[in-house]
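# Observations on chain architecture
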Amino acid sequence: MLFYHINSMAQEMTEGPFEQLIIRGVTMIAGHGAPPEGPIDLVIENDKIASIHHVGYPNVPIEESDRPILKEGGKEIDASGWFLLPGFIDAHAHIGGDAQGADWEYVFNLWLAHGITTIREVGGKGIDFAYDLKVRAEKNEIIAPRVVALTFFGQGLENPISTPDEARQWVRDNASKGADGVKFFGAEPDIMTAALDEINQLGMLSACHHAQLNVARWNVLHSARAGLNSMEHWYGLPEALFDDKTIQHYPLDYNYRNEQHRFEEAGKLWQQAAKPYSDHWNDVMNELLELDFTICPTFNIYEASRDLHRIRRLEWHETYTLPSLWKFFQPSMISHGSYWHYWGTEQEIHWKNNYKLWMAFINEYKNRGGRVTVGSDSGFIFQLYGFSYVRELELFREAGFHPLEIIKAATLDGAELLGIDDLTGSIRVGKQADLLLIEENPLENLKVLYGTGAIKLNENNEVIRVGGVKYTISNGVIYDAKKLLARVQEMVDQAKEEDDFKLLQPGVVSN
């Protein structure tokens, strides 16, 4: 059993590990693009998928003699009519934040409640913080997904890295502290080149948010050529697609430190790039494909830019968003991503057009064999941990992905990016049992994956909610997703009581 040093409620939310666990009668979505099949009996032994048994046909009684036998001390779950998927991988995650007032327990509960069993932490409080949680998660000392820890380039130094040798030394030091990789925002070309070379020699991971302060000299193509694993968001890609300029069209009164300026003009960037399917557009895509480059678009994190009113009133905020996080989301000159100084119709129209072009590139990149992963970048811009991951899946659907392609992007493609596809990312004998169970078919309606479920009418014309992940299985432990959410609600209620917090109207907070 688990050796938690936390409250008894945490123990009530979990079961296991077990020497044997059998999931019976389930319909399996394996994660590698195969269609669903079932009924399946899946046997797990000591956190490894030991065998997969086809035990019959849909809507036909199962012969008990054809089923695997439960060993003494084992556990079984009757999942007849349910769906089994690989655990999701959030390829762009931050473990809370001091400014948001969100600690790791709150964040981890929300992620696991939505079936997320692995996260790529792309920088936050530093490697000591992330590595400690990574180790504790591996030992089952805390409720947590698997943590793959990246740190910001140069994090922990008093002065910026100024030479290639300093870049190489920092990378080596970072690796010695347990980091799995590095996230960049950009740097001088010689420094980026040296750092990426050192990272690749050490077998580490790399990611880059191509910040506009550096992208005029170093865009996505430069990074990919130098050996970068993945680009985050979309910055740096339109710039690589410019064919009539080298720098985006900045208004002459633009100030990068004013985030309304920054995000308003970013909403016009794709319209300045080469047209879809033009020669230059195709040349850039083909080179990225040849370099086996990964794109993690994080569509959801910018969605408020095209529909602010809807995003700020999402139904889960009232129950699951901490008061401190809600305050962080409000218009501010100093909180990152709170750029609602005077956001209006014109800005939203530009962003809606931005999305059409952006999504066209991402969908075509996938169609041509490119790797696209699912990341949420939660904790900013009204996007809540776990919930925003499901929204990202819906936005992949809007971009043109088939639901099975979405599941593959969320599981196997993410595992390939992290170099752990031999361990997780699909349901296959020998792999670790990172899994989620849900009573509804997520291919028919991705909304059933939200912790709040989906609204439906029953036979009596009554409104009911269906779905929400039932169980998440990670590191041999069965997590009750509903109880994890109940724990989050308890945290939020307590914080509201302490803060005398009320939501008076959209975007207005009272203490």
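Right, let's walk through the structure included here. (Residues numbered from 1 in each chain as written. Predicted model: local features only at pLDDT ≥ 70, side-chain atom pairs only at ≥ 80, totals over all residues. Heavy atoms only, no water.)

This part is about the overall build of the chain. Check the secondary structure of the chain and you find 17 helices and 21 strands. Radius of gyration (C-alpha) of the chain: 23 Å, near the 24 Å computed for a compact globule of 511 residues. Taken over the C-alpha atoms alone, the chain extends approximately 75 × 55 × 45 Å along its principal axes. A buried classification covers 58% of the 511 residues belonging to the chain. Accessible area for the chain stands at about 21000 Å²; split by element, carbon and sulfur atoms hold 47% of it. Across the chain, 46 positive and 73 negative side-chain charges occur, with their mean positions spaced 2 Å apart. (Helix = DSSP H or I, 4+ residues; strand = E, 2+ residues; numbered from the N terminus. Rg over C-alpha atoms; globule rule 2.2 N^0.38 Å. Buried < 20%, exposed > 50% of the residue type's maximum accessible area, 1.4 Å probe, protein only. Areas by Shrake-Rupley, 256 points an atom, 1.4 Å probe, with all protein chains shown as cover. Lys, Arg positive; Asp, Glu negative; His and termini not counted. Charge placed at Lys NZ, Arg CZ, Asp CG, Glu CD.)

Here we come to the pattern of salt bridges. A complete count under the given rule lists 35 salt bridges for this structure. Close ionic contact of Glu259 with Arg262 constitutes a salt bridge, the shortest N to O distance being 3.5 Å. One end of the pair is Glu259 and the other is Arg262, both in helix α8 (residues 259–266) and three residues apart, which spans about a single turn. Of the residues examined, Glu259 reaches a relative accessible area of 12% and is grouped as buried. Overall, the relative accessible area of 9% leaves Arg262 in the buried class. Because the salt bridges share partners, they merge into one network encompassing Glu303, Arg306, Asp307, Arg310, Arg391, Glu394, Glu398 and Lys447. (Salt bridge = Lys/Arg side-chain N within 4 Å of Asp/Glu carboxyl O.)

The eight strands lie next to each other as β7-β8-β9-β10-β11-β12-β13-β14, forming an open sheet whose pairing is parallel. Two strands bound the open sheet, and with one partner strand each, they are β7 (88–93) and β14 (371–372). Two strands pair when backbone bridges link them, and strand β8 (residues 116–122) and strand β9 (residues 146–152) are joined in this way by five bridges, in the parallel orientation. Opposite Thr118, over in β9, you have Arg146 as the bridge partner. (Pairing = 2+ DSSP bridges.)

Here the focus is the nonpolar core. Judged by nonpolar contacts, the single largest core of 128 residues is most densely connected at Phe88, Tyr106, Phe153, Phe184, Leu237, Leu288 and Phe361. For Phe153, the contacting residues outside a window of four places in its chain are Ile161, Ala167, Trp170, Val182, Lys183, Phe184, Ala187, Ile191 and Ala195. Formed by 21 residues, the second largest nonpolar core is a distinct cluster that contains Leu21, Ile77, Trp82 and Leu84. (Core = buried A, V, L, I, M, F, W, Y, C linked by side-chain atoms within 4.5 Å. Contact = heavy atoms within 4.5 Å.)

What follows concerns the side chain of Lys183. Relative to the assigned elements, Lys183 resides in strand β10 (residues 181–184). Lacking a salt bridge, the buried Lys183 has Asp377 as its closest oppositely charged neighbour, with an N-O distance of 5.8 Å. Leaving out residues up to four positions away in the same chain, Lys183 has contacts with His92, His94, Val122, Leu150, Thr151, Phe152, Phe153, Ala207 and His209.

With that settled, the discussion passes to the packing of aromatic side chains. Under the criterion given, the structure shown has 39 aromatic pairs. With a centroid separation of 5.8 Å and an interplanar angle of 55°, the aromatic rings of Trp234 and Trp358 are classed as tilted. On the criterion of sequence distance, the pair formed by Trp234 in the loop between β12 (230–232) and α7 (237–240) and Trp358 in helix α13 (residues 345–367) is long-range, its members being 124 residues apart. Accessibility expressed as a relative area gives 0% for Trp234, which makes it buried. Owing to a relative accessible area of 0%, Trp358 belongs among the buried residues under this scheme. When the centroid spacing of 6.0 Å and the interplanar angle of 50° are considered together, the rings of Trp270 and Phe361 count as tilted. Taken together, the positions of Trp270 in the loop between α8 and α9 (279–290) and Phe361 in helix α13 put the pair 91 residues apart, joining distant regions of the chain. For Trp270, a relative accessible area of 3% gives the class buried. Overall, Phe361 belongs to the buried group, its relative accessible area being 0%. Between Arg306 and the ring centre of Tyr355, over which it is positioned, the NZ or CZ distance is 4.4 Å. (Phe/Tyr/Trp six-rings, centres within 6.5 Å; stacked < 30°, edge-to-face > 60°. Lys NZ or Arg CZ within 6 Å of the ring centre and 35° of its normal.)

Time to look at the layout of surface pockets. In this structure, the largest pocket encloses a volume near 1200 Å³. Taken together, 48 residues line the largest pocket, and the ones lying closest to its centre are Phe152, Phe185, Tyr256, Arg262 and His336. Contributing elements (two or more residues each) for the lining of the largest pocket: β10 and α8. Examining the composition of the lining of the largest pocket, we find that three residues originate from one element, α8, more than from any other. (1 Å grid on protein atoms, 1.4 Å probe; cavity = no way out; pocket = protein on both sides within 12 Å on 5 of 7 lines; lining within 4 Å. Points joined across faces, edges and corners; volume = space filled by probe spheres on them.)

Take the environment of Asp377 next. Position of Asp377 relative to the elements: it lies in the loop between β14 and α14 (387–399). Along the sequence, Asp377 and Asn300 sit 77 residues apart, while their C-alpha atoms lie 8.3 Å from each other. Residues within four places of Asp377 in sequence aside, it is in contact with His92, His94, His233, Thr298 and Ile301. At 3.0 Å, the side chain of Asp377 forms a polar contact with the side chain of His94. (Polar contact = N/O pair within 3.5 Å; in protein donor to acceptor, adjacent residues only side chain to side chain.)

Taken together, the side chains of Ile455, Leu457 and Val463 present a nonpolar region at the surface, about 320 Å² in accessible area. Summarising the element assignment, Val463 is placed in strand β17 (residues 463–466). (Patch = residues over 30% accessible without salt bridge, like charges linked within 9 Å, V, L, I, M, F, W, Y side chains within 5 Å.)

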